[in-house]
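Single-letter residue listing:
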Amino acid sequence: MNGRTDRPLRLGVNIDHVATLRNARGGRDPDPARAARLAQQAGADGITLHLREDRRHIVDADVPAVMAAVTLPINLEMAATAEMQAIALAHKPHAVCIVPERREERTTEGGLDVAADVDRLHDFIAPLRAAGSRVSLFIAPDEAQVEAAARVGAQVVELHVGAYCEYCADGDDAACDAELRRLFTASALAHELGLEVHAGHGLNFSNVGPIAAIPELVELNIGHFLVGEAVFIGLDAAIREMRRQMTQARM
Ligand SMILES: CC(=O)[C@@H](O)[C@H](O)COP(=O)(O)O
Ligand SMILES: NCC(=O)COP(=O)(O)O
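Cut-offs used in this document
- Residues numbered from 1 in each chain as written.
- Chains lettered and ligands numbered in written order.
- Predicted model: local features only at pLDDT ≥ 70, side-chain atom pairs only at ≥ 80, totals over all residues.
- UniProt positions renumbered as here; feature names shortened; annotations may be inferred.
- Helix = DSSP H or I, 4+ residues; strand = E, 2+ residues; numbered from the N terminus.
- Buried ≥ 20, exposed ≤ 12 C-beta atoms within 10 Å, placed from the backbone.
- Contact = placed C-beta atoms within 7 Å.
- Pairing = 2+ DSSP bridges.
- Near = placed C-beta within 6 Å.
- Nonpolar A, V, L, I, M, F, W, Y, C, P; charged D, E, K, R; others polar.
- Axes fitted to C-alpha atoms, helices over the stretch in contact; angles between N-to-C directions.
- Parallel < 35°, antiparallel > 145°, perpendicular 65-115°, else oblique.
- Left-handed = near helix turned anticlockwise from the far one by under 90°.

## Comments concerning the UniProt feature "site: Transition state stabilizer" (unreviewed entry) in the chain
UniProt marks Glu158 with the feature "site: Transition state stabilizer" (unreviewed entry), using the numbering shown here. Locating Glu158 in the fold gives a position in strand S6 (residues 156–160). You can call Glu158 buried: it has 31 C-beta atoms within 10 Å. Look past the residues within four positions of Glu158 in its chain and what remains in contact with it is Cys97, Ser136, Phe138, His198, Ala199, Gly200 and Asn221.

Dropping the structure here:
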């Protein structure tokens, strides 16, 4: 699998888990808006934040605070609910990424089942697009889901790379390679259908290279690892190193 491409690859820094740490104690520190500012200074191309229905990390007030803190494009991740749609329409972020959510899950476990919800998602997306947000769907690298994403009017798909990251971490090379192939195939199909292709979830310094080499990808969203790594080397250094590895993988 050769990923040689001239297409630039953006890094969206997800600051959710700065809020996780803040919420562990209550109060204001550490401040996700400050993290977003620092990410911008370190060379991030965008800021991602996920306003979960249970507000376990990002809370409503973080959305305007982060938007005011940076000039970068904001990618608001959210479930396809009426409450979240109203919030997105009030703030009009650059991008809205619709993700599946279950309260019991520890983190986003899988992709959105777009194929099973075509009519509802079509109607849900239309006002977001009309308000000027680019609409992205967070999906598994599955051809039926990519085709459904194109049908419902999404402009972008973000491929969930969590399974690939887990197989690689477990040392299951066969499953890791098979998942990587699925990601290459889904990316090529999405691009062919006119969708912009992003990827994210669980990326770190050990697994980002093969993903960054997928030629159709134009954006990676990375958060949990970068916030964790910030404890050891600082957020600025963690973001710069991730950028370096992404660029290297692209060459
Ligand atoms: C959808 C997604 O992948 C991200 O939002 C990220 O994983 C951080 O949020 P959670 O850890 O709450 O899923
Ligand atoms: N959509 C994926 C994202 O924003 C970051 O995921 P993670 O790096 O926090 O797992």
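## Concerning the pairing of strand S8 (residues 217–222)
With respect to burial, S8 is a largely interior element, 5 of its 6 residues being buried. Looking at chain direction, strand S1 (residues 10–14) and S8 are connected through 4 bridges and run parallel. Note that in S8 the partner of Val13 across the bridge is Ile222. Across 4 bridges, the pairing between strand S7 (residues 196–200) and S8 is parallel. What sits directly across from Ala199, in S8, is Leu220.

## Topic: the site of ligand 1
By nearness alone, every residue bordering ligand 1 is listed as Asn14, Asp16, His50, Arg52, Glu77, Val99, Thr107, Thr108, Phe138, Gly200, His201 and Gly223. A per-class count over the shell around ligand 1 returns 2 nonpolar, 7 polar and 3 charged.

## A few points about the packing of helix H10 (residues 224–233) against helix H11 (residues 235–250)
Describing two packed helices takes the angle between their axes plus the distance from one axis to the other. One way to put it is that H10 packs onto H11 with a least axis distance of 7 Å and a crossing angle of 120°. Here H10 is positioned oblique relative to H11, judged by the angle of their axes. Crossing of H10 against H11: the hand is right-handed. For the pair H10 and H11, contact is made by Leu226, Glu229, Ala230 and Ile233 and by Leu235, Ala237, Ala238, Ile239 and Met242, respectively. Looking at the contact of H10 with H11, its residues break down into 8 nonpolar, no polar and 1 charged.

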